[in-house]
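Analysis of the macromolecular model
Here are the chains, one letter per residue:
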Amino acid sequence: MLVSTTFKNSKQEKGENSGGYIIRIPFGPRDMYLTKERLWPFIQEFVDGALSHIVRMSKTIGEEIGCGHPVWPAVIHGHYASAGIAATLLSGALNLPMAFTGHFLGKDKLEGLLKQGRQSREEINMTYKIMRRIEAEELSLDASEIVIASTRQEIEEQWNLYDGFEVILARKLRARVKRGANCYGRYMPRMVIIPPGVEFGHIIHDFDIDGEEENHGPASEDPPIWSQIMRFFTNPRKPMILAVARPYPEKNITTLVKAFGECRPLRELANLTLIMGNREAISKMHNTSASVLTSVLTLIDEYDLYGQVAYPKHHKHSEVPDIYRLATRTKGAFVNVAYFEQFGVTLIEAAMNGLPVIATKNGAPVEIHQVLNNGLLVDPHDQNAIADALYKLLSEKQLWSRCRENGLKNIHQFSWPEHCKNHLSRILTLGMRSPAVGSEEERSKAPISGRKHIIVISVDSVNKENLVRIIRNAIEAAHTENTPASTGFVLSTSLTISEICSLLVSVGMHPAGFDAFICNSGSSIYYPSYSGNTPSNSKVTHVIDRNHQSHIEYRWGGEGLRKYLVKWATSVVERKGRIERQMIFEDSEHSSTYCLAFKVVNPNHLPPLKELRKLMRIQSLRCNALYNHSATRLSVTPIHASRSQAIRYLFVRWGIELPNIVVMVGESGDSDYEELLGGLHRTIILKGDFNIAANRIHTVRRYPLQDVVALDSSNIIEVQGCTTEDIKSALRQIGVPTQ
């Protein structure tokens with residue numbers, strides 16, 4: 001539990017983190033390291049592990065301080081794209097508010113890489129899985145109540161690239177909300193600017209305001225890194241121009257060296273220090289970094305800068321503050337002339353060490369400068385402007401002192417305490433929500449809560465006759481004489497509850513054989529209910545889970561969304577000569593409160609699903625659109641409503657362990673098919689010619705299936721056929737008892 005402490009007593013009371021700690025959730029392959037680009041197929045597995053931990057801890061804390069009631073988190077905060085999709089899924093599964101910080105956005109990276117011209121869009125996507133990353137960021141926009149940005153530039157120029165955010169529309173919707181006007185189902189996350197916090201409470205500024213070092217006598221010892229830098233210089237007493245940047249082309253280090261080399265007054269006035277990461281040999285570095293370093297060394301030789309430029313091969317992370325202090329001691333300056341800077345933490349680090357700065361005018365440094373006012377901004381493409389600014393700052397002592405003083409005076413605005421204060425003030429504005437957990441009385445009446453195993457039948461790639469055959473065979477395979485009640489069944493489908501009941505009754509099957517029905521593509525959950533004392537002499541009805549409905553209604557557009565979709569449907573037409581025929585019609589019979597259904601006359605004229613989702617996001621309509629019934633029906637549900645999320649809801653509400661859930665699918669299915677494959681539950685894929693061929697509408701994705709599903713996972717089992725023996729064999733492999 002977090003506690004409020006002062007800096008002096010925090011370590012004695014709760015340790016340096018005041019009670020905060022890190023939990024690591026195992027997921028993915030355990031015998032190999034994966035780069036972040038290869039983590040996507042395992043995100044759902046992480047989500048399930050985190051979900052189990054949160055539920056367990058909430059109950060434990062509730063027993064200690066919550067009078068037996070679970071104590072749920074106040075908010076889930078995702079950082080970076082992969083954590084954003086994880087937070088989105090957790091937010092939906094637990095009905096908790098979500099915040100998101102993108103840090104470095106995929107669309108901005110994609111545009112930058114395309115401008116460099118070194119790789120095609122396909123090559124970039126293969127290397128960085130960039131389309132999966134962008135879709136994760138779009139989903140995070142859909143689900144987040146607030147999005148935290150470092151600067152206004154990040155909002156207006158980077159987030160504005162996304163389908164799900166538009167600056168002008170965001171302002172209009174915010175104005176309508178303030179005056180209580182109807183937004184017609186449109187929602188936009190709140191964008192808030194909170195600069196990153198930097199820890200500098202331990203920094204001791206050992207220079208007075210004139211830049212003279214205090215307490216520097218024979219007893220003090222210079223840090224080792226100082227001598228490693230000073231050995232490069234003929235005259236180490238000159239002011240030191242410091243640059244700290246990786247040797248990447250976008251950091252523009254070569255322009256800085258040219259500016260220094262071609263300005264003789266600047267060369268006579270100052271030295272230049274380039275901290276360009278650590279290296280053993282340039283020949284062993286990545287081609288891009290090696291090219292930059294080679295160019296730098298060539299320029300040093302061309303301008304004969306030996307004795308004036310330092311470029312050490314090694315430094316420790318802990319020595320970086322000492323390097324800043326050395327530049328300050330010589331009354332030097334820090335320089336960052338990147339072509340574009342996302343934020344520029346190095347500018348903050350320089351300021352907190354009393355070092356004035358010269359910074360690029362492109363990106364976040366402009367906003368940092370507005371707060372700190374501790375240097376000058378320059379055009380990174382203009383080497384003469386860079387040289388002039390450096391000479392001005394270093395030669396005018398009053399300007400140098402004023403910039404140093406301004407930086408130290410205002411740096412607290414980028415401190416961790418300031419960051420936390422701003423962050424918490426935003427979090428406290430979020431409305432509290434919590435998941436629906438079944439009470440002990442409810443659990444005793446619900447058969448599903450007492451099952452050891454649950455088999456979820458989600459086979460969409462077959463006709464109704466084969467679906468009934470698979471249901472019969474699965475029940476026959478799993479029901480044992482010794483423990484007939486140990487395994488329960490859930491039917492998960494895009495059908496309505498009336499369609500399900502009609503189908504089962506028409507073939508002589510009793511709907512009461514199931515513990516639950518996940519209907520309308522995950523937007524409704526029904527349970528059998530008996531009117532008498534025992535199932536044998538009772539009439540069975542089906543009761544909708546109202547808690548689930550309140551759980552998924554977040555950002556549901558309702559009537560405003562329906563009207564827009566009806567208008568959109570009229571625009572989808574088949575053209576034959578001069579004759580146009582409408583292809584999509586509203587389907588009121590199969591619609592429900594949280595599922596808007598549309599009939600599709602000709603699936604070949606349907607737009608790809610990614611285009612429909614893009615259209616919804618551009619209109620700020622936060623929903624989940626999917627094609628089902630071999631693309632003859634379009635369903636639109638709330639963003640947190642899906643068959644996959646419904647399974648997680650059953651886990652939270654009824655306490656069914658996810659590894660004890662088995663999901664049966666076909667070789668393809670509705671367009672939410674891929675979501676059913678990943679996670680801690682077991683998946684059985686039924687293969688064979690009884691599967692209907694996948695419709696092209698389903699298979700058009702922004703990214704390949706293997707980018708989001710680990711098909712070689714031990715949790716996924718493939719079986720050829722769908723007979724009782726085939727299913728029984730698969731169930732035995734995953735530990736479910738059979739006859």
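Residues numbered from 1 in each chain as written. Predicted model: local features only at pLDDT ≥ 70, side-chain atom pairs only at ≥ 80, totals over all residues. Heavy atoms only, no water.

So, the environment of Asn95
Tracing the backbone shows Asn95 in the loop between α3 (80-94) and β2 (98-101). Given the relative accessible area of 11%, Asn95 is considered buried. In this structure, the C-alpha to C-alpha distance between Asn95 and Val75, residues 20 residues apart in sequence, is 9.8 Å. At 3.2 Å, the side chain of Asn95 and the backbone oxygen of Ser434 are in polar contact. (Helix = DSSP H or I, 4+ residues; strand = E, 2+ residues; numbered from the N terminus. Buried < 20%, exposed > 50% of the residue type's maximum accessible area, 1.4 Å probe, protein only. Polar contact = N/O pair within 3.5 Å; in protein donor to acceptor, adjacent residues only side chain to side chain.)

A look at helix α17 (residues 397-410)
Between its terminal C-alpha atoms α17 stretches 20 Å, which fits the 20 Å expected from 14 residues at 1.5 Å a residue. Taken residue by residue, α17 has Leu399, Trp400, Cys403, Arg404, Asn406, Gly407 and Asn410 as its buried positions. For α17, the angular spread of buried residues about the axis comes to 165°, placing them on one side. Exposed positions of α17 whose direction lies more than 90 degrees from the buried face are Gln398 and Lys409. (Expected span 1.5 Å × (residues − 1). Arc of directions from axis to C-beta.)

Some remarks on a negative patch on the surface
On the surface, Glu262, Asp301, Glu302 and Asp304 cluster together into a patch of negative charge. You can see Glu302 is positioned in helix α12 (residues 287-302). Look at Glu302 and you get exposed, because its relative accessible area is 55%. (Patch = residues over 30% accessible without salt bridge, like charges linked within 9 Å, V, L, I, M, F, W, Y side chains within 5 Å. Areas by Shrake-Rupley, 256 points an atom, 1.4 Å probe, with all protein chains shown as cover. Salt bridge = Lys/Arg side-chain N within 4 Å of Asp/Glu carboxyl O. Lys, Arg positive; Asp, Glu negative; His and termini not counted. Charge placed at Lys NZ, Arg CZ, Asp CG, Glu CD.)

Looking at the nonpolar core
Leu94, Trp159, Phe165, Ile448 and Leu650 are the most contacted members of the largest nonpolar core, which totals 78 residues. In terms of residues, this core owes the most to one element, α3, which gives 9 residues. The contact partners of Leu94, leaving out residues within four places of it in the chain, are Leu51, Ile54, Val55, Trp72, Ile76, Ser434, Pro435, His551 and Val652. (Core = buried A, V, L, I, M, F, W, Y, C linked by side-chain atoms within 4.5 Å. Contact = heavy atoms within 4.5 Å.)

Brief notes about the packing of helix α2 (residues 43-65) against helix α25 (residues 643-654)
As a packed pair, α2 and α25 sit with axes 11 Å apart at the nearest point and diverge in direction by 20°. On the basis of their axis angle, the class for α2 and α25 is roughly parallel. Seen along the crossing, α2 lies across α25 with a hand that is right-handed. Every residue of α25 that contacts α2 at Gln44, Asp48, Leu51, Ser52 and Val55 is listed here: Ser644, Arg648, Phe651 and Val652. For the contact of α2 with α25, a count of residues per class yields 4 nonpolar, 3 polar and 2 charged. (Axes fitted to C-alpha atoms, helices over the stretch in contact; angles between N-to-C directions. Parallel < 35°, antiparallel > 145°, perpendicular 65-115°, else oblique. Left-handed = near helix turned anticlockwise from the far one by under 90°. Nonpolar A, V, L, I, M, F, W, Y, C, P; charged D, E, K, R; others polar.)

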